[in-house]
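Fold and geometry: a report
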Amino acid sequence: MAAKKTSSARFEPASDQSLLVYFGEKITIEAHERVRKLLQLLEAEPIAGVRNLHPAYCSLLVKFDALKWQHEKMERELRKYLVRLDKMKLPEPRHVEIPVCYGGEFGPDLDEVAALHKTTPEQVIHLHSSKTYLVYFLGFVPGFAYLGELPKELVAPRLATPRKKVPAGSVGIAGNQTGVYPFETPGGWRLLGRTPVSMFRTDREGLSLLSIGDRVRFIPISRERFAELDHA
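All values derive from a computational prediction rather than experimental measurement. Within every chain, residues take consecutive numbers counted from 1 along the sequence as written. Per-residue local features are limited, in this predicted model, to residues with pLDDT of at least 70; the limit for side-chain atom pairs, both in listing and counting, is 80 or more; totals at the level of whole chains, interfaces and linings are taken over all residues. Values reported for side chains reflect all heavy atoms of the structure, with hydrogen atoms and water molecules removed beforehand.

Where burial is concerned, the two faces of strand β11 (residues 177-180) agree: the one with Gln177 and Gly179 and the one with Thr178 and Val180 are both buried. Here, any two strands with at least 2 DSSP bridges between them count as paired. Segments assigned H or I by DSSP are reported as helices when at least four residues long, segments assigned E as strands when at least two residues long, and all are numbered from the N terminus. Summarising the sheet, strand β10 (residues 170-174) and β11 pair through 4 bridges and their orientation is antiparallel. From the neighbouring strand, Val171 faces β11, where its bridge partner is Val180. Between β10 and β11, which pair antiparallel in sequence order, lie 2 residues; one of them, Gly175, sits at a positive phi of approximately 60°. Between buried and exposed lies partly exposed: a residue is buried under 20% and exposed over 50% of the maximum accessible area for its type, with that area taken using a 1.4 Å probe on protein chains only.

With that out of the way, let us pick up the nonpolar core. Definition used in this section: a nonpolar core is a set of buried Ala, Val, Leu, Ile, Met, Phe, Trp, Tyr and Cys residues joined via side-chain atoms within 4.5 Å. Counting residues in hydrophobic clusters, the biggest one holds 26 residues, and the most contacted among them are Ile98, Val124, Leu147, Leu192, Leu210, Val216 and Phe218. The dominant element in this core, judged by the number of residues it contributes, is strand β6 (residues 95-102), at 4 residues. Note on contacts: a residue pair qualifies if any of its non-hydrogen atoms lie within 4.5 Å across the two residues. When neighbours within four sequence positions are excluded, Leu147 is seen to be in contact with Tyr133, Leu134, Val135, Tyr136, Asn176, Gln177, Thr178, Gly179, Leu210, Val216 and Phe218. Listed in part, the 23 residues of the second largest apolar core include Leu38, Leu41, Met74 and Leu78.

Okay, the pattern of salt bridges next. Any Lys or Arg side-chain nitrogen found within 4 Å of a carboxyl oxygen on Asp or Glu counts as a salt bridge. Evaluation of the coordinates by the stated rule reveals 13 salt bridges. Taking the shortest distance from any N to any O, the salt bridge between Glu25 and Arg10 comes out at 2.5 Å. Highlighted residues: Glu25 in the loop between β3 (18-22) and α1 (29-44) and Arg10 in strand β2 (residues 10-15), separated in sequence by 15 residues. The class of Glu25 is exposed, set by a relative accessible area of 58%.

Let's shift gears to the packing of aromatic side chains. Aromatic rings from Phe, Tyr and Trp, taking only the six-membered ring of Trp, are treated as a pair when their centres fall within 6.5 Å; an angle between ring planes under 30 degrees marks them as stacked, one over 60 as edge-to-face, and anything in between as tilted. For the coordinates displayed, the defined rule picks out 12 aromatic pairs. Ring plane angle 85° and centroid distance 5.3 Å describe the contact between Phe144 and Trp189, whose orientation is recorded as edge-to-face. Of this pair, Phe144 sits in the loop between β7 (133-138) and β8 (145-148) while Trp189 sits in the loop between β12 (185-187) and β13 (190-194); the two residues are 45 residues apart in sequence, bridging distant segments of the chain. Taken individually, Phe144 and Trp189 each receive the classification buried, so the pair is uniform in this respect. The structure contains a cluster of three or more aromatic residues connected by ring pairs, namely Tyr57, Tyr136, Phe137, Phe140, Phe144, Tyr146, Tyr181 and Trp189. Its end group placed over the ring of Tyr22, Arg10 keeps NZ or CZ at 4.2 Å from the ring centre. Charge-over-ring placement is defined geometrically: NZ (Lys) or CZ (Arg) within 6 Å of the ring centre, and within 35 degrees of the ring normal.

Here it is in structure tokens:
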């Protein structure tokens, strides 16, 4: 089935029980705000038979009961929500600071990233920690937030061969994204440092430290401070 456009969105079937709503093809704040507005509206006024909502940079995946909905009918229903987006107001963003110990065993790719950009590890740390990042969405594993966008001076490809084990708390970059691994897991992002802060906890309301729409700053700390916070 061919993709369809409205004045503000493009619809495309993703499976027999899911529909993608695109707000443009590029990562922009405006597109992502429309994703968040549609997500917020659908969570406040759910559609019966919609099972899950999965936001991304500039799209929202709507999964539905295929026995109750077909793509055309779901699209028509979603269009009723789209016309209301301009009147929606997003809540004030929450600002979160994440302490990071950069380099050494915590950031094994720091020197390589610096060499890639013909700069120093200190400058990489400065650039990475001087930016306020937007949480575009969560995915990959529970609590993993995709943060953007990196300063252009830090943009780097993923590792050619992913690591079999990336320690929990590792702070990595890939492309123009950055993020923190909540658990030990395989991964191909270039590691700059590590945080002692738990990104996902079962005893935390909401479970994940970060939520879509949050603003994040990374704060450089010493190894001594890392040890203090890690045992707090």
